[in-house]
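The primary structure of each chain is shown beneath.
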Amino acid sequence: MKSPLREFWDGFAANRGALVALIVFCTLVLAALAAPWLAPHDPIEQYRAHMLTPPVWMDGGSARFLLGTDELGRDILSRLLHGGRASLGLAAAAVLLSLIPGVLLGLLAAFYGRSAGPLIMRTMDILLALPGLLLAICVITILGPGLANTALAIAIGALPGFVRLTRASALAELPKDYVTASRVAGAGTLRQMFVNVLPNCMAPLIVNASLGFSTALLAAAGLGFLGLGVQAPTPEWGSMLSSARDYIQRAGWVVTLPGLTILVAVLAVNLMGDGLRDALDPKLKKLQ
């Protein structure tokens, strides 16, 4: 009989697209973590004699700058590597900042449906009524731009989704026999929440968190493009797009390379989310 971990991996690996996406995403993460050692240049150092140098495969390119330089003469490869640390780290922080409180509030809303539940859910309805990017802009306007504030702003916009999903999953588990038996045996509310119910709600939460990562990555890039995210001179993929938009016709690589990096990262995370759904959803397992 297969172990649960082996069964999960077989279900995930059956989706070839998800497997390739996992390899691509792990490569991006490792490259970002190893950026201080992999980057050929300092990401904020300006080589004034080499401004807007094209990539090495284009006419006028130089092996010294494999992906070319930007409008200030900074090495694009080095900035992409270091920018991955900010972009991916910001998205991961935003998901954690929304996932943990979202799970707690969702469980409270499910277990205390007559007292805390209505207040929690009406608050989430108010947050859902506001567009996510607009809400993030409002939060950053109040708190000020920066890495931590950007992660918090994105997390607030993603919070209602986790709360509603956790509440719905918990409500589906509460009427089941194992919960009733545990209650009769004298299990307290906290034990019911975190030992009995929460583990059975994790599959949809994991899938939602993976897809939320790509949403957070796009939101971080959007805020960076608007100048409200990570501030210069710290490299970040969205802010790289913003600073290069005036050179899209003269030096298309300055815009194309950060844009492609965001595209590849988001696509990889979305395909991984599909693989996680296939591996964790028991209904899909029965169809295979």
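Everything below is about the structure shown above.
So, here is what we can say about the structure in this document.

About the criteria used
- Residues numbered from 1 in each chain as written.
- Predicted model: local features only at pLDDT ≥ 70, side-chain atom pairs only at ≥ 80, totals over all residues.
- Heavy atoms only, no water.
- Phe/Tyr/Trp six-rings, centres within 6.5 Å; stacked < 30°, edge-to-face > 60°.
- Helix = DSSP H or I, 4+ residues; strand = E, 2+ residues; numbered from the N terminus.
- Buried < 20%, exposed > 50% of the residue type's maximum accessible area, 1.4 Å probe, protein only.
- Lys NZ or Arg CZ within 6 Å of the ring centre and 35° of its normal.
- Contact = heavy atoms within 4.5 Å.
- Expected span 1.5 Å × (residues − 1).
- Arc of directions from axis to C-beta.
- 1 Å grid on protein atoms, 1.4 Å probe; cavity = no way out; pocket = protein on both sides within 12 Å on 5 of 7 lines; lining within 4 Å.
- Points joined across faces, edges and corners; volume = space filled by probe spheres on them.
- Nonpolar A, V, L, I, M, F, W, Y, C, P; charged D, E, K, R; others polar.
- Patch = residues over 30% accessible without salt bridge, like charges linked within 9 Å, V, L, I, M, F, W, Y side chains within 5 Å.
- Areas by Shrake-Rupley, 256 points an atom, 1.4 Å probe, with all protein chains shown as cover.
- Salt bridge = Lys/Arg side-chain N within 4 Å of Asp/Glu carboxyl O.

### Remarks on the packing of aromatic side chains
Within this structure, the stated rule accounts for four aromatic pairs. For the ring pair phenylalanine 25 and phenylalanine 213, a centre distance of 5.6 Å and an interplane angle of 90° mean the geometry is edge-to-face. Pair noted here: phenylalanine 25 is in helix H2 (residues 16-33) and phenylalanine 213 is in helix H10 (residues 202-225), with a separation of 188 residues, a long-range link. Across the pair, exposure class does not vary: phenylalanine 25 and phenylalanine 213 are buried alike. Counting every residue linked through ring pairs, the aromatic cluster contains Phe8, Trp9 and Phe12. Directly above the ring of phenylalanine 225 sits arginine 245, whose terminal nitrogen or CZ lies 5.6 Å from the centroid.

### Structural notes on helix H1 (residues 4-13)
Inspection of H1 places Gly11, Phe12 and Ala13 among the buried residues, and these make up the whole buried set. Looking at the buried positions of H1, the neighbouring elements they touch are H2 and helix H12 (252-280).

### Digging into the environment of phenylalanine 8
Looking at the secondary structure, you find phenylalanine 8 in helix H1. In this structure, the C-alpha to C-alpha distance between phenylalanine 8 and histidine 82, residues 74 residues apart in sequence, is 33 Å. In contact with phenylalanine 8, not counting residues within four places along its chain, are Leu276, Ala279 and Leu280.

### Let's talk about helix H6 (residues 132-143)
Between its first and last C-alpha, H6 extends 16 Å over twelve residues, near the 16 Å set by a 1.5 Å rise per residue. Of all the positions in H6, only Leu135, Ala136, Val139 and Ile140 are classed as buried. Buried residues of H6 fall within an arc of 135° about the axis and therefore sit on the same side. Seen from the open side of H6, the exposed residues pointing more than 90 degrees away from its buried face are Thr141 and Ile142. Those residues of H6 hidden inside the fold are in contact with helix H5 (116-128), helix H7 (147-173) and H10. Note on H6: the residue one or two positions beyond its end, glycine 144, has a positive phi of about 100°.

### Here we look at the layout of surface pockets
Space inside the largest pocket adds up to approximately 340 Å³. Every residue lining the largest pocket is counted, 24 residues in all, and those nearest its centre are Gly132, Ile154, Gly157, Ala158 and Thr215. Broken down by element, the residue count for the lining of the largest pocket peaks at seven residues, all from H10. When grouped by side-chain class, the residues that make up the lining of the largest pocket number 17 nonpolar, seven polar and no charged.

### As for a nonpolar patch on the surface
Taken together, the side chains of Leu96, Ile100, Leu104, Leu190, Phe194 and Val195 present a nonpolar region at the surface, about 570 Å² in accessible area. The residue isoleucine 100 is located in helix H4 (residues 76-111) in this model.

### Comments concerning the pattern of salt bridges
For side chains of opposite charge, pairing can occur when their charged atoms come near one another. The final tally for this structure, using the stated rule, is eight salt bridges. A salt bridge links aspartate 125 to arginine 164; its shortest N-O distance comes to 3.1 Å. Of this pair, aspartate 125 sits in helix H5 while arginine 164 is found in helix H7, placing the two residues 39 residues apart along the sequence. Using a relative accessible area of 30% as the deciding quantity, one classes aspartate 125 as partly exposed. Of the charged contacts in the structure, one is a salt bridge between aspartate 274 and arginine 277, with a shortest N-O distance of 4.0 Å. In this pair, aspartate 274 and arginine 277 are both assigned in helix H12, three residues apart and thus about one turn of the helix distant. Overall, aspartate 274 belongs to the partly exposed group, its relative accessible area being 29%. Several salt bridges converge on common partners, so that one network encompasses Asp70, Glu71, Arg74 and Arg79.

### Here we look at unusual backbone geometry
Phi is mostly negative for residues that are not glycine, and the peptide bonds are mostly trans. Its identity is not glycine, yet leucine 52 carries a phi of approximately 55°, on the positive side. For leucine 52, the position within the fold is in the loop between helix H3 (35-38) and H4. On the basis of relative accessible area, leucine 52 is assigned to the buried category, the value being 15%.

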